[in-house]
Amino acid sequence: MTEAQFSAIALKICLTGLVLYMLWIIYNVGKESGAGRYGMMILFIALGAGFVSFVAKGVLKFFMAQ
C-alpha cells in the first residue's frame, strides 16, 4: 500500500468519523437545550448544512468525473 492510498483511505474514515461526531454534538445540544421535534429539526438543518454541502460536493465531483 502506497502513502497516497493510505492517505485516501484514512481521509475517508476520519472524515466519516468527524461527521458522525458532529451529528452527535448537534443531537446533544438539542437534547440538553430541551428543544422539541421542531427545534431539533431546525438544529439539524441549520448546523448540518455545512457538512451536507461538503459531502454533496464530493458526490458531484465523483459523478462528473465519470
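If you're wondering where the values come from, they're calculated on a predicted model, not measured in any experiment.

Enquirer: Where do I start with helix α2 (residues 37-65) in this structure?
Expert: Taking 1.5 Å of rise per residue, 29 residues should cover 42 Å, and α2 covers 39 Å from first to last C-alpha, within 8% of that figure. By the largest-angle criterion, A49 marks the main kink of α2, which is about 55 degrees. The elements touched by buried residues of α2 are α1 (3-33).

Enquirer: Looking at this structure, how should I read the packing of α1 against α2?
Expert: In a pair of packed helices, the angle between the axes and the distance between the axes together describe the arrangement. Packing of α1 against α2 brings their axes to within 9 Å, and their N-to-C directions diverge by 165 degrees. Compared by their axis directions, α1 and α2 come out roughly antiparallel. α1 and α2 meet at a crossing whose hand is right-handed. Here α1 contributes L15, V19, M22, L23, I26, Y27, V29, G30 and K31 to the contact with α2, which in turn contributes M40, L43, F44, L47, G48, F51 and F54.

Scoring rules and cut-offs
Residues numbered from 1 in each chain as written. Predicted model: local features only at pLDDT ≥ 70, side-chain atom pairs only at ≥ 80, totals over all residues. Heavy atoms only, no water. Helix = DSSP H or I, 4+ residues; strand = E, 2+ residues; numbered from the N terminus. Expected span 1.5 Å × (residues − 1). Bend = angle between axes of the 7 residues up to and from the residue. Contact = heavy atoms within 4.5 Å. Axes fitted to C-alpha atoms, helices over the stretch in contact; angles between N-to-C directions. Parallel < 35°, antiparallel > 145°, perpendicular 65-115°, else oblique. Left-handed = near helix turned anticlockwise from the far one by under 90°.

Such coordinate-based values are descriptive only and should not be taken to indicate function.
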